[in-house]
Amino acid sequence: MEVKIKWSEPIEVFKPGKYNTDEKFIEHLRKFIEEYANSDFEKPGLFMFLSGQIKPVEKLSVVIIEGTADHTIKERLVKKKGHVRELKCLYKNYKDENLFIKIGEIEGVEQTPENVQIIVCSLIDYVSPSCMEPCPKKPEEKVIIINEGNFSPLKEVYGKEEEEE
């Protein structure tokens, strides 16, 4: 499977430490996403939370990577209860960091829940986001991921390294 992901510009989110509990942080994060006017949140695809800075020099690290095929990204972030563990990790470990979200649009493969899960697991495997566990079952086929748009701190290509050497 070869897939292209077109990443958006980073969307700045507030610092988690602004709130005195993780529940308050999660509640405000969901509210922020719900009210944020960005059409990228209105479609299915991938999203990643990043911590760090953009100016004067971009220094970002991937904290969470998720995806959805059958809901919009907004629905996935606002309504889904399953994000709580990762979001609590975000709060606990990145209190004083700037947070950003980037949205990834999947191209070149049908966006089924299975395919999105395979892509997310492959990305988690390649990138090891700090607030996520590895996927319990590895994708059976190798996934080549080509990142476009504003994909940093990701590499441009994953899954082709050994062929190029």
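The sections below set out a description of the structure shown in this document.

### Side note on the state of the cysteines
The tally for this structure, following the rule as stated, stands at two disulfides. One disulfide bridge connects Cys89 with Cys131, the sulfur atoms lying 1.9 Å from each other. Measuring the twist about the S-S bond at about -80°, one finds the Cys89-Cys131 disulfide to be left-handed. Of the two residues, Cys89 sits in helix α3 (residues 84-93) while Cys131 sits in the loop between α4 (113-127) and β6 (144-149), which places them 42 residues apart along the sequence. Across the disulfide, Cys121 is cross-linked to Cys135 (sulfur-sulfur distance 2.1 Å). Measuring handedness by torsion sign, the sulfur bridge of Cys121 and Cys135 sits at about -95° and is left-handed. With Cys121 in helix α4 and Cys135 in the loop between α4 and β6, the pair connects residues that are 14 residues apart, well separated along the chain. Cys121 gets classed as buried once you look at its relative accessible area, which sits at 9%. Judged by relative accessible area, Cys135 falls into the buried class, the value being 15%.

### Concerning empty space enclosed by the protein
The final tally for this structure, using the stated rule, is one cavity of 30 Å³ or more. Of the pockets and cavities examined, the largest cavity occupies roughly 50 Å³. Forming the boundary of the largest cavity are Cys121, Ile124, Asp125, Pro134, Cys135, Lys137, Lys138 and Pro139. Its residues assigned to classes, the lining of the largest cavity comprises five nonpolar, no polar and three charged.

Reading guide: rules and limits
- Residues numbered from 1 in each chain as written.
- Predicted model: local features only at pLDDT ≥ 70, side-chain atom pairs only at ≥ 80, totals over all residues.
- Heavy atoms only, no water.
- Disulfide = S-S within 2.5 Å.
- Helix = DSSP H or I, 4+ residues; strand = E, 2+ residues; numbered from the N terminus.
- Buried < 20%, exposed > 50% of the residue type's maximum accessible area, 1.4 Å probe, protein only.
- 1 Å grid on protein atoms, 1.4 Å probe; cavity = no way out; pocket = protein on both sides within 12 Å on 5 of 7 lines; lining within 4 Å.
- Points joined across faces, edges and corners; volume = space filled by probe spheres on them.
- Nonpolar A, V, L, I, M, F, W, Y, C, P; charged D, E, K, R; others polar.

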